[in-house]
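Chain by chain, the residues run as shown.
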Amino acid sequence: MSAEPTVDTGTLPVLCAREVDVVRDGRPILSEVSLTVRTGEHWALLGANGAGKSTLLGLLGALTHPTRGTVDVLGHRLGRVDMRSLRAYVGHVDPRHGLRSPLKVRDVVLTGLTNSIEKVPRRRPTPDQLATADHLVGLLGLGHRRDALWPTLSQGERGRVLIARALMPKPRLLLLDEPATGLDVAGREQLIERIDTLQQTHPELASVLVTHHLEELPPGTTHAMLLRDGRCLAAGPVEEILTGDLVSRCFDHPVRLFRDEGRWSVRTGRTAAALRTG
Ligand SMILES: Nc1ncnc2c1ncn2[C@@H]1O[C@H](COP(=O)(O)OP(=O)(O)OP(=O)(O)O)[C@@H](O)[C@H]1O
């Protein structure tokens with residue numbers, strides 16, 4: 001039987017993946033990927049379609065095991081401890097959330113406590129838990145929608161509800177899988193603003209955000225990893241990694257990068273040498 005993990009809240013990295021390989025149906029999906037994430041770091045995980053981003057996020061979220069290599073979450077190795085208890089320390093925001101019931105916003109946020117999609121019958125939240133849910137709903141800018149039903153929410157509102165839900169068990173690591181997919185400009189900007197606010201209100205948190213679009217990165221992004229064909233092309237502080245040259249290689253297309261007020265934008269460039277970063 002797996003032991004309940006004691007979680008280190010001190011100096012250990014929140015997450016440490018070493019030389020990870022993932023092979024599915026005999027095909028290498030990830031090869032020799034290493035990543036260390038520490039408290040207060042906010043990582044962008046970038047790569048073209050099929051590069052392996054979601055597969056890596058599944059490992060980081062203790063949803064799957066590597067074929068080779070090791071993944072430690074708060075000092076506890078996947079495979080040696082109960083994966084479900086580790087998941088309580090990792091908030092996973094997946095826009096493909098499969099909720100079917102017409103739950104109210106506040107009830108969806110409370111499902112974060114049980115890490116379940118639907119409400120768990122006969123489980124009553126404590127007054128403290130209700131207060132935390134209300135606080136998070138407000139923090140994500142949804143105070144006025146607290147009693148709205150899930151099917152009536154816009155996609156942008158759903159994204160923010162799912163972030164509040166992921167924060168409910170007070171995780172140390174927040175994983176965001178393409179959170180701005182399908183959002184209009186207003187929805188995307190509100191989401192990015194709220195993610196950026198979290199980085200200030202929750203200094204104990206680390207995050208990894210997957211996207212194809214540099215425009216969707218919050219200004220508070222501190223680090224980036226570029227994945228290409230299942231391998232890490234580059235990883236480190238964002239100023240060193242988000243360069244026209246490296247991003248061009250990552251997406252196999254010459255681009256120039258611009259940064260204005262903390263946000264990135266990308267244009268096709270005739271040569272990668274024409275790069276300009278701010
Ligand atoms: N269970 C599996 N069996 C076989 N191949 C798989 C499996 N899961 C993923 N793959 C393949 O692994 C590759 C990486 O998939 P993954 O979803 O991690 O990429 P991604 O970078 O997140 O892509 P996208 O940006 O399109 O979402 C893809 O080619 C995918 O088809």
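Per an unreviewed UniProt entry, the chain goes by the name ATP-binding cassette domain-containing protein and belongs to Streptomyces halstedii.

Student: Help me understand the site of the ligand in this model?
Tutor: Neighbouring the ligand are 14 residues; Gly50, Lys53, Ser54, Thr55 and His212 lie closest to it. For the ligand, an oxygen atom lies 3.0 Å from a polar atom in the side chain of Asn49. For the ligand, the accessible surface in isolation is 640 Å², of which the surrounding protein chains cover 64%. Element by element, the count of residues in the shell around the ligand is highest for helix α1 (residues 53-60), at three residues. Residue composition of the shell around the ligand, grouped by class: three nonpolar, six polar and five charged.

Student: So what exactly am I meant to see when it comes to the packing of helix α3 (residues 105-114) against helix α4 (residues 127-139) here?
Tutor: What describes two packed helices is the angle between their axes and the distance between those same axes. Close contact between α3 and α4 brings their axes to 9 Å; oriented N to C, the two are set at 115°. The interaxial crossing formed by α3 with α4 has right-handed handedness. Contact residues: α3 offers Val105, Arg106, Val109, Leu110 and Leu113, while α4 offers Gln129, Leu130, Ala133, Asp134 and Val137.

Student: What am I meant to see in the packing of helix α5 (residues 155-167) against helix α6 (residues 185-201) here?
Tutor: Contact pair α5 / α6: the axes reach a minimum separation of 10 Å and the direction vectors enclose 20°. Looking at the two axes, α5 sits roughly parallel to α6. Considering the relative orientation of α5 and α6, their crossing is right-handed. Contacts between α5 and α6 involve Gly159, Arg160, Ile163 and Leu167 from the first element and Gln190, Leu191, Arg194, Ile195 and Leu198 from the second.

Student: Before we go on, may I ask you to explain the UniProt feature "domain: ABC transporter" (unreviewed entry) in the chain in this structure?
Tutor: UniProt records the feature "domain: ABC transporter" (unreviewed entry) for residues 15-254 in the present numbering. Counted over residues 15-254, helix gives 32% and strand 26%. Its end C-alpha atoms are 32 Å apart.

Student: Would you explain the packing of aromatic side chains in this entry?
Tutor: For any pair of aromatic rings, geometry is given as the distance between the ring centres together with the angle between the planes. Scanning all chains against the criterion turns up zero aromatic pairs. Against the face of Trp150 rests Arg158, its NZ or CZ located 4.8 Å from the ring centre.

Student: In this structure, what is going on with the pairing of strand β11 (residues 255-260)? I would like to understand it.
Tutor: The side chains of a regular strand alternate, residue by residue, between the two faces of the sheet. In terms of strand pairing, β11 meets strand β12 (residues 263-268) through six bridges, oriented antiparallel. Across the sheet, residue Leu257 finds its bridge partner in β12, namely Val266. Where β11 folds back on β12, the antiparallel hairpin that results is connected by two residues, among which Glu261 adopts a positive phi of roughly 50°.

So, how was this worked out
Residues numbered from 1 in each chain as written. Predicted model: local features only at pLDDT ≥ 70, side-chain atom pairs only at ≥ 80, totals over all residues. Heavy atoms only, no water. Near = heavy atom within 4 Å. Polar contact = N/O pair within 3.5 Å; in protein donor to acceptor, adjacent residues only side chain to side chain. Areas by Shrake-Rupley, 256 points an atom, 1.4 Å probe, with all protein chains shown as cover. Helix = DSSP H or I, 4+ residues; strand = E, 2+ residues; numbered from the N terminus. Nonpolar A, V, L, I, M, F, W, Y, C, P; charged D, E, K, R; others polar. Axes fitted to C-alpha atoms, helices over the stretch in contact; angles between N-to-C directions. Left-handed = near helix turned anticlockwise from the far one by under 90°. Contact = heavy atoms within 4.5 Å. Parallel < 35°, antiparallel > 145°, perpendicular 65-115°, else oblique. UniProt positions renumbered as here; feature names shortened; annotations may be inferred. Phe/Tyr/Trp six-rings, centres within 6.5 Å; stacked < 30°, edge-to-face > 60°. Lys NZ or Arg CZ within 6 Å of the ring centre and 35° of its normal. Pairing = 2+ DSSP bridges.

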